[in-house]
Amino acid sequence: MVRVQEIPLNQIKRPLPRVNDPNKVQALMESIAEIGQQEPIDVLEVDGQYYGFSGCHRYEACQRLGKETVLARVRKAPRSVLKMHLA
């Protein structure tokens, strides 16, 4: 089951390093500041911990705007699914 909710940015672990396009982040910052975050990021919830693997540009834009939370599509998953994402 998937639910959409606001999650504190500091509770989302991002285990895979990503290099974001600064122009895309800037454009998203402007959009989010003007009309709010329109598309949730996707996170896995494993044993009460949140892990983000997509939505890197939206995540960084919200961080740089000083937002405390991010709109996220949360999917509960067992540790085995997390391990597949980390492989």
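Analysis parameters
Residues numbered from 1 in each chain as written. Predicted model: local features only at pLDDT ≥ 70, side-chain atom pairs only at ≥ 80, totals over all residues. Heavy atoms only, no water. Core = buried A, V, L, I, M, F, W, Y, C linked by side-chain atoms within 4.5 Å. Buried < 20%, exposed > 50% of the residue type's maximum accessible area, 1.4 Å probe, protein only. Helix = DSSP H or I, 4+ residues; strand = E, 2+ residues; numbered from the N terminus. Contact = heavy atoms within 4.5 Å. Pairing = 2+ DSSP bridges.

J.: Even after reading the chapter, I still don't get the nonpolar core, so can you show me in this structure?
T.: General note: in soluble globular proteins, nonpolar side chains tend to be found buried as a group. The biggest cluster of nonpolar side chains holds 15 residues, and the ones touching the most others in it are Ile7, Ile12, Ile41 and Val43. At the level of elements, helix H1 (22-35), strand S3 (41-46), helix H2 (56-64) and strand S5 (69-76) are the ones that each hand at least two residues to this core. Counting residues in hydrophobic clusters, the runner-up holds seven residues, among them Leu44, Tyr51, Phe53 and Ala77.

J.: How do you make sense of the side chain of Glu45 when you look at a structure like this?
T.: Within the element layout of this structure, Glu45 appears in strand S3. Residues within four places of Glu45 in sequence aside, it is in contact with Arg3, Tyr50, Val74, Arg75, Lys76 and Ala77.

J.: So what exactly am I meant to see when it comes to the sheet that holds strand S1 (residues 2-8) here?
T.: Consider a sheet: its strands pair through backbone hydrogen bonds, and that pairing is either parallel or antiparallel. Strand order across the open sheet formed by five strands is S1-S5-S3-S4-S2, with mixed pairing between neighbours. Single-partner strands in this sheet number two, and they are S1 and strand S2 (12-13). Judged from the five bridges that link them, S3 and S5 form a sheet pairing that is parallel. The partner of Asp42 across the bridge, within S5, is Arg73.

Shape descriptors only; they carry no functional weight alone.
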